[in-house]
Structure formats: structure tokens, C-alpha cells
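A look at the structure
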Amino acid sequence: PPSLTSSVPQARPVSPPKSSHLVKRAALIVGNTYKNCHNMELLGCKTSAENVKKALEFRGFNCELKLNIPADEILRLVTEFTENKTDFEARLFYFSGHGGNESFSVNGGGHAITENLVGFVDRSGQLYEGGEYVLGQDGRKVFKDEILSSFAKDNKPNVHKILMFDCCRGEKSREMGGTQKTTFQLEIMRREEANQKNAHYKNVVILHGTLPHQVAWCTADGKGSTKFSKHFCAQLSRHGGVNISDMDEAINAELEKDQNTNKDTKGHVQMVEMTKRGISKPFIF
């Protein structure tokens, strides 16, 4: 008889390597809730981190779970984790918490209006190149390029390096069409070379929980786990091996289905984005 299963795409099941039980895999998982902080509380990020830990352990990962970690400590943990896992077949970093994007940071003479615009109030000022970032428990920014640089420091081509950022990459005011008036604006454009400065890394996969400038959403009207972690864990719970290269399409199909049925994202469709750098062989969960 014809199949009655859903037509929603799923990551292709594949047979795991025969020696998969001997393969060493490790994951560093950080979940920040910002409880008792100035930033909006995200209690669901703790649940998300715990769920991802269970899903990865099911797939043979040795996991380290860290909760409510300040900015400097995130970088220290990433550096230490990388140095201690150089002989592993795969290492994975997962972050759940606040995030964002800024093309620059203003040191003086003006103020940021959006991530690409600055309004000047004086005759001079200083700008520093920014980028995408995550927020430590202390509310300080850690740029993703800093995390990537430490995480892929050894750059071994035979080591799979997977980074997953389950956080916003923008603000609701921008995505939902909010505007702000100002008398004078200067737009800062990044050179193409700046966007490609880390393109030499080998066997690196970066999986973002949203598209650029999008916000990330949680289940249960913001009180539950993130939507990304929900569908990522669901993919890993399937029978057989799961190719990471199919993960973005599979999760996006489920996110689109979510938006149409649950209608809990205020008309917003969250989509994940995958970036691959120097991939020479597939990674199978």
C-alpha cells in the first residue's frame, strides 16, 4: 500500500561507520538563561542545552554542559576544550542564549542606530569592526569569529569541527519593519574580503539557528525550549545515521510547518542557515 508518512524532508538516514562505537566525539554545550541579569530572561535555553546534550550522547558524543557562563569564561572554555580534544574525530560547540549582529562598535562621537547605521553627534569618533556575537551571562559580547578562531585553532583536516549557534542574529525592531528617525546617518559597508577572512578553515560546519538578522523563537509561547533545538534533537532521534549536510533542509521544513500550524511566531518564519568551510568528507551523526 502507498505510504501515509509525511512528505516533509528529513535528513537522509545512512548507515553509520562500522567502527562508530570506537570513534571519539566530544561536545561543549553552553546554555545561558540570564536569570537575575539586565537582559531578558531565557529559561528555555537551559532546557535546550540539556536536550541537545541527551541527543548528542545518544549519538556517541562525550558532552560537557555549562550553564550561565560569562563572556570571558566562554572563550576560556572553548580554548581549553579544543586543546584537550585534538585527537578526536569530531568536536562540536553548541550555544543557546542571546545573540545579535553589529557591523561596528562605536567608541565615541556617535551612537548605533541599527547594526549598519550610526548617528553622529560630534565632529569625530571611532568605529571598530563588529560582526555576529553571542552574549555571555554577564551581558558582554563574544564575537562568533573569536569562538571559531579558538575552536578551529589546530585546523586539522581530519577533524570535524561543528559549531551551532542557537540564538538571534538580529532584533525584532529591524525584522518586523521598525524604523527610527535621525538627522544624519553614515552607512558602514564591510568589504567582501572581511567576510571571507576565515575561509581557509578545513572541515568546519557552522549551523545557525536563524538566517542573518532574524530572531530565534522558543516553544510554548517563549517558555519552552528553542524551536531549533526541538527539531535538531528530533532529527538525531531518528533511526540510523544522519548526515549533517541535510540537517538545514530538514529542520527548515519542520520550522515552516510549525509556523503554519502553531501560529506562535507572529507571522515570522524562522529558518536555519548552514555554512561549510573546506569540507572534504561528510559527517554522520
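Right above here is the structure, for reference.
Residues numbered from 1 in each chain as written. Predicted model: local features only at pLDDT ≥ 70, side-chain atom pairs only at ≥ 80, totals over all residues. Heavy atoms only, no water.

Description of the sheet that holds strand 3 (residues 61-67)
Judged by pairing direction, the sheet is mixed, and its six strands sit side by side in the order 3-2-4-10-12-14 without closing on themselves. Looking at strand neighbours, the two that pair on one side only are strand 3 and strand 14 (273-277), the edges of this open sheet. The mean angle between the axes of side-by-side strands here comes to 10°, regardless of whether they run parallel or antiparallel. When strand 2 (residues 25-31) meets strand 3, the two strands line up parallel, connected through seven bridges. In the sheet register, G31 faces strand 3, and the bridge partner there is L67. Sitting on the sheet, helix 3 (residues 144-151) is in contact with strand 4 (90-96), strand 10 (160-166), strand 12 (204-208) and strand 14, with an inclination near 155° to strand 10. (Pairing = 2+ DSSP bridges. Helix = DSSP H or I, 4+ residues; strand = E, 2+ residues; numbered from the N terminus. Axes fitted to C-alpha atoms, helices over the stretch in contact; angles between N-to-C directions. Contact = heavy atoms within 4.5 Å.)

Digging into empty space enclosed by the protein
The probe, sized like a water molecule, is rolled over the atoms to show the empty space still left. Throughout the structure, instances matching the rule amount to two cavities of 30 Å³ or more. Put simply, the largest cavity is a space of about 40 Å³. H160, V205, I244, S245, K276, I279, K281, P282 and F283 are the residues that line the largest cavity. Its residues assigned to classes, the lining of the largest cavity shows five nonpolar, two polar and two charged. (1 Å grid on protein atoms, 1.4 Å probe; cavity = no way out; pocket = protein on both sides within 12 Å on 5 of 7 lines; lining within 4 Å. Points joined across faces, edges and corners; volume = space filled by probe spheres on them. Nonpolar A, V, L, I, M, F, W, Y, C, P; charged D, E, K, R; others polar.)

A look at the nonpolar core
Within the largest apolar cluster, 29 residues are counted, with the highest numbers of intra-cluster contacts made by F93, F95, I147, L163 and F165. Among the elements of the structure, strand 2, helix 2 (71-84), strand 4, strand 8 (126-135), helix 3, strand 10 and strand 12 are those that each provide at least two residues to this core. For this core, the leading source of residues is helix 2, giving five residues. Ignoring any residue separated from it by four or fewer positions in sequence, one finds F95 in contact with V30, N32, Y34, I74, V134, L135, M164, F165, D166 and C167. Core analysis: the next-biggest nonpolar cluster, separate from the first, contains 28 residues, L207, F232, L255 and F283 among them. (Core = buried A, V, L, I, M, F, W, Y, C linked by side-chain atoms within 4.5 Å. Buried < 20%, exposed > 50% of the residue type's maximum accessible area, 1.4 Å probe, protein only.)

Considering the packing of aromatic side chains
The tally for this structure, following the rule as stated, stands at nine aromatic pairs. Their ring planes at 40° and their centres at 6.2 Å tell us that F61 and F285 sit as a pair that is tilted. Here F61 is found in strand 3, whereas its partner F285 is found in the segment after strand 14, with 224 residues between them in sequence. Neither residue differs from the other here; F61 and F285 are each classed as buried. Pairing F283 with F285 gives two aromatic rings, centres 5.1 Å apart and planes at 85°, and the pair type is edge-to-face. (Phe/Tyr/Trp six-rings, centres within 6.5 Å; stacked < 30°, edge-to-face > 60°.)

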